[in-house]
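# Observations on chain architecture
What follows is each chain in one-letter form.
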Amino acid sequence: MANNTKVRSAAELYEFSNHLRWAAHDLNECYQKVKEHAADYSQQWTDESSAAFMQLLEREEHIIKEIEQEFSNFENIVRKRADMVQEYVSRGKMYRV
């Protein structure tokens, strides 16, 4: 991270944290749709590739969950930093006359 990083507003940090939450949700939602779609089509396949593909999807689900959790953790960190910025700005306004 750059040493001279400047935050222009807490609102931008809150917005970024919202995008992280949305990205985590969208990732999980897309994975579930792929899994459902694959399950529908796998019933039409008559060879072993269907079962192999479904097993692959099942094994990859934990990776999706880990990424989703990391996004969620990062969202919480960013939101806490935004709270700190907001508190700093609020306290600064109290001392300005």
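Just so it is clear, the structure is predicted and the values come from calculations on it, not from any experiment. Sequence positions are assigned chain by chain, starting from 1 and proceeding in written order. Whole-chain, interface and lining totals are the exception, using all residues; otherwise, since this is a predicted model, local features are given only for residues with pLDDT of at least 70 and side-chain atom pairs are given and counted only at 80 or more. To obtain the side-chain values, all non-hydrogen atoms of the structure were included, while hydrogens and water were left out.

## Quick word on the overall build of the protein chain
The number of helices and strands found in the protein chain is 2 helices and 0 strands. Note on definitions: a residue-residue contact is assigned when non-hydrogen atoms from the two residues lie within 4.5 Å. Within the protein chain, contacts between residues at least 6 apart in sequence are counted, and of these 76% link residues at least 24 apart. Per-residue and other accessible areas were derived by the Shrake-Rupley procedure at a 1.4 Å probe size, with only the shown protein chains allowed to occlude residues. Roughly 7,900 Å² of accessible area belongs to the protein chain as shown, and the carbon and sulfur atoms make up 56% of that amount. Strands here mean DSSP runs of E at least two residues long; helices mean DSSP runs of H or I at least four residues long; both are numbered from the N terminus.

## Here we look at the nonpolar core
By nonpolar core is meant a set of buried Ala, Val, Leu, Ile, Met, Phe, Trp, Tyr and Cys residues that side-chain atoms within 4.5 Å join together. Throughout, exposure labels follow a simple rule: accessible area from a 1.4 Å probe, protein chains only, divided by the maximum for the residue type, with under 20% read as buried, over 50% as exposed, and the rest as partly exposed. Among the nonpolar cores identified, the biggest contains 5 residues, and these are Tyr 31, Ala 38, Met 54, Leu 57 and Ile 64. Elements that contribute at least two residues to this core include exactly helix H1 (10-42) and helix H2 (49-95). Element by element, the count of residues in this core is highest for H2, at 3 residues.

## Examining the environment of Phe 16
Among the structural elements, Phe 16 can be located in helix H1. Put simply, Phe 16 and Val 78 are 62 residues apart on the chain and 7.7 Å apart in space, counted from C-alpha to C-alpha. The contacts of Phe 16, once residues within four sequence positions are left out, are Phe 74 and Val 78.

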